Amino acid sequence: MLPMIARLLALGAAVLVLISLAQGWAPTRWMRTFWQRHGGYLRWYVASAPGTCIYVGILAVTTWVLLGMPEHAKELFLAAQSTNLEHLTRDPLRVLVRSAFFVSGTELLLWGALFLVFLAPAERWLGTGRAVVVFATGHIVATLLTAWGVYVRIRWFHGPESLWNVQDTGASYGFMALAGIMVYRLRGWNRAALLTVLLGVVVYGFLPGTGFTATGHSFAVMVGLSLYPLTRRPEVRTRVHDGEDFADLCRRSTADGRTFVLEPYPRR
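About the thresholds
- Residues numbered from 1 in each chain as written.
- Predicted model: local features only at pLDDT ≥ 70, side-chain atom pairs only at ≥ 80, totals over all residues.
- Heavy atoms only, no water.
- 1 Å grid on protein atoms, 1.4 Å probe; cavity = no way out; pocket = protein on both sides within 12 Å on 5 of 7 lines; lining within 4 Å.
- Points joined across faces, edges and corners; volume = space filled by probe spheres on them.
- Nonpolar A, V, L, I, M, F, W, Y, C, P; charged D, E, K, R; others polar.
- Core = buried A, V, L, I, M, F, W, Y, C linked by side-chain atoms within 4.5 Å.
- Buried < 20%, exposed > 50% of the residue type's maximum accessible area, 1.4 Å probe, protein only.
- Helix = DSSP H or I, 4+ residues; strand = E, 2+ residues; numbered from the N terminus.
- Contact = heavy atoms within 4.5 Å.
- Expected span 1.5 Å × (residues − 1).
- Bend = angle between axes of the 7 residues up to and from the residue.
- Salt bridge = Lys/Arg side-chain N within 4 Å of Asp/Glu carboxyl O.
- Polar contact = N/O pair within 3.5 Å; in protein donor to acceptor, adjacent residues only side chain to side chain.
- UniProt positions renumbered as here; feature names shortened; annotations may be inferred.

The protein is annotated in an unreviewed UniProt entry as Peptidase S54 rhomboid domain-containing protein from Rothia kristinae.

Set out below in structure tokens:
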């Protein structure tokens, strides 16, 4: 009952905010001012990385649907989308696609921030098509290699049969693959810092007892690093401008891709 009341109150507050913005009421005047100052940058950010923004929007919708389910139904639903051995042997295509579109409520905030700050620059650099290829390749290859590792553990190392039905959904494998390929875009200490973190992820994933998800992250990072040839394509290399760190790659003046500058009207 309380979650339903909270959702209704949130919906009512959103409607009031929209009415206030339309009528120019004082409580939301700061929002109008903020948009007037920063709206151009926000529009550019979304337009320059449409794949990232669309994906975050889909995650927001699916997470909202999951939050509205009873706990038992939500667990059953997520289990049905999991890329475990049971599903991969029966209907691999369905679970490989669907598993990348469901995260928990707390994970949504984390992944939303990481995608918008970290992966939007990757999409501007590689282009939407190549960014999708890297994400999908990392997600699929890491999932299959992880599942093979689980099978080997069950088949030859006396792993519990319950591993056939473990839950494994989320966006982390694709994210790690794109993080891996971003090593080739950054420069200086930013590249060194990212590479150090990713090598730590790889090493940690192969330590005994860390779990199959950590191993999947290791595989995904290696997939991203192995896709270096994509970064040597002429159309990708021409998108590289002055940006060297993540802050530069989030500015219109130094970000990857074409920068549009509004020229002043000529004086008569």
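From this point, the discussion proceeds with the structure in view.
Engineer: For this particular structure, what's the right way to read empty space enclosed by the protein?
Structural biologist: Scanning all chains against the criterion turns up one cavity of 30 Å³ or more. If you add up the space inside the largest cavity, you get close to 70 Å³. What lines the largest cavity is Thr 83, Asn 84, Leu 85, Thr 143, Thr 146, Ala 147, Val 150, Leu 163, Val 166, Asp 168 and Phe 212. Tallied by class, residues from the lining of the largest cavity come to six nonpolar, four polar and one charged.

Engineer: What is the right way to look at the nonpolar core in this model?
Structural biologist: Side chains that are nonpolar tend, in soluble globular proteins, to be buried together. In terms of nonpolar packing, the biggest core is built from 39 residues, with Phe 115 and Leu 178 touching the most fellow members. Only helix 3 (50–67), helix 7 (105–126), helix 8 (128–156), helix 9 (172–181), helix 10 (188–205) and helix 11 (212–226) provide two or more residues apiece to this core. With eight residues, helix 7 is the single largest residue contributor to this core. Beyond its immediate stretch of four places on either side in the chain, Phe 115 contacts Thr 52, Tyr 55, Val 56, Leu 59, Ala 120, Phe 135, Ala 171 and Phe 175. If you look at the next biggest cluster of nonpolar residues, it comprises nine residues, including Leu 96, Ala 147, Ile 154 and Leu 163.

Engineer: Please explain helix 2 (residues 29–48) as it appears in this structure.
Structural biologist: Since the α-helix advances by 3.6 residues per turn, residues separated by three or four positions end up pointing in the same direction. Its 20 residues place the ends of helix 2 28 Å apart at the C-alpha level, agreeing with the 28 Å of an ideal helix rising 1.5 Å per residue. Of all the bends in helix 2, the largest measures some 65° and sits at His 38. Those residues of helix 2 that fall on the buried side of the exposure criterion are Gly 39, Trp 44, Tyr 45 and Ser 48.

Engineer: How do you make sense of the pattern of salt bridges when you look at a structure like this?
Structural biologist: Here the idea is simple: oppositely charged side chains can pair when their charged atoms come close. Overall, the coordinates contain five salt bridges when judged by the stated rule. Where Arg 233 meets Glu 235, a salt bridge forms, and the shortest distance between an N and an O atom there is 3.7 Å. As a salt-bridge pair, Asp 248 and Arg 251 come within 2.6 Å of each other at their nearest N and O atoms. The class of Asp 248 is buried, set by a relative accessible area of 17%. The exposure class of Arg 251 is partly exposed, given its relative accessible area of 41%.

Engineer: Help me out: how do you make sense of the side chain of Asp 248 in this one?
Structural biologist: Among the secondary structure elements, Asp 248 is positioned in helix 13 (residues 246–249). A polar atom in the side chain of Asp 248 sits 2.6 Å from the side chain of Arg 251. In this structure Asp 248 touches Gly 243, Thr 254 and Ala 255, once residues within four positions along its chain are discounted.

Engineer: What should I look at first to understand the UniProt feature "transmembrane region" (unreviewed entry) in the protein in this one?
Structural biologist: Per the UniProt annotation, the sites labelled "transmembrane region" (unreviewed entry) are residues 48–67, 100–120, 132–152 and 188–206. For residues 132–152, helix accounts for 100% and strand for 0%, while the C-alpha atoms at its two ends are 30 Å apart. As a span, residues 188–206 carries 95% helix and 0% strand, and end to end its C-alpha atoms are 28 Å apart.

Engineer: In this structure, what is going on with the layout of surface pockets? I would like to understand it.
Structural biologist: Any space left empty among the atoms is revealed by the rolling of a water-sized probe across them. One number sums up the size of the largest pocket: a volume of about 420 Å³. Along the wall of the largest pocket there are 19 residues; nearest its centre are Tyr 55, Phe 101, Val 132, Phe 135 and Ala 136. Elements with a contribution of two residues or more to the lining of the largest pocket: helix 3, helix 6 (92–98), helix 7 and helix 8. Looking at the lining of the largest pocket, its residues break down into 15 nonpolar, three polar and one charged. Approximately 320 Å³ is the volume found for the second largest pocket. What lines the second largest pocket is a set of 16 residues, among which Arg 153, Gly 205, Gly 211, Phe 212 and Thr 215 lie closest to the centre. Within the residue set of the lining of the second largest pocket, elements represented by two or more residues are helix 8 and helix 11. The dominant element in the lining of the second largest pocket, judged by the number of residues it contributes, is helix 8, at five residues. Looking at the lining of the second largest pocket residue by residue, the classes come out as eight nonpolar, seven polar and one charged.

Engineer: Even after reading the chapter, I still don't get the environment of Ala 49, so can you show me in this structure?
Structural biologist: One can find Ala 49 in the loop between helix 2 and helix 3. What makes Ala 49 buried here is its relative accessible area of 0%. Setting aside residues no more than four positions away along its own chain, Ala 49 makes contact with Ala 120, Glu 123 and Arg 124.

Engineer: What am I meant to see in the environment of Val 56 here?
Structural biologist: Turning to its location among the elements, Val 56 is positioned in helix 3. Given the relative accessible area of 15%, Val 56 is considered buried. Residues Val 56 and Ala 220, spaced 164 residues apart in sequence, show a C-alpha to C-alpha distance of 20 Å. Setting aside its immediate chain neighbours within four residues, Val 56 contacts Gly 112, Phe 115 and Leu 116.

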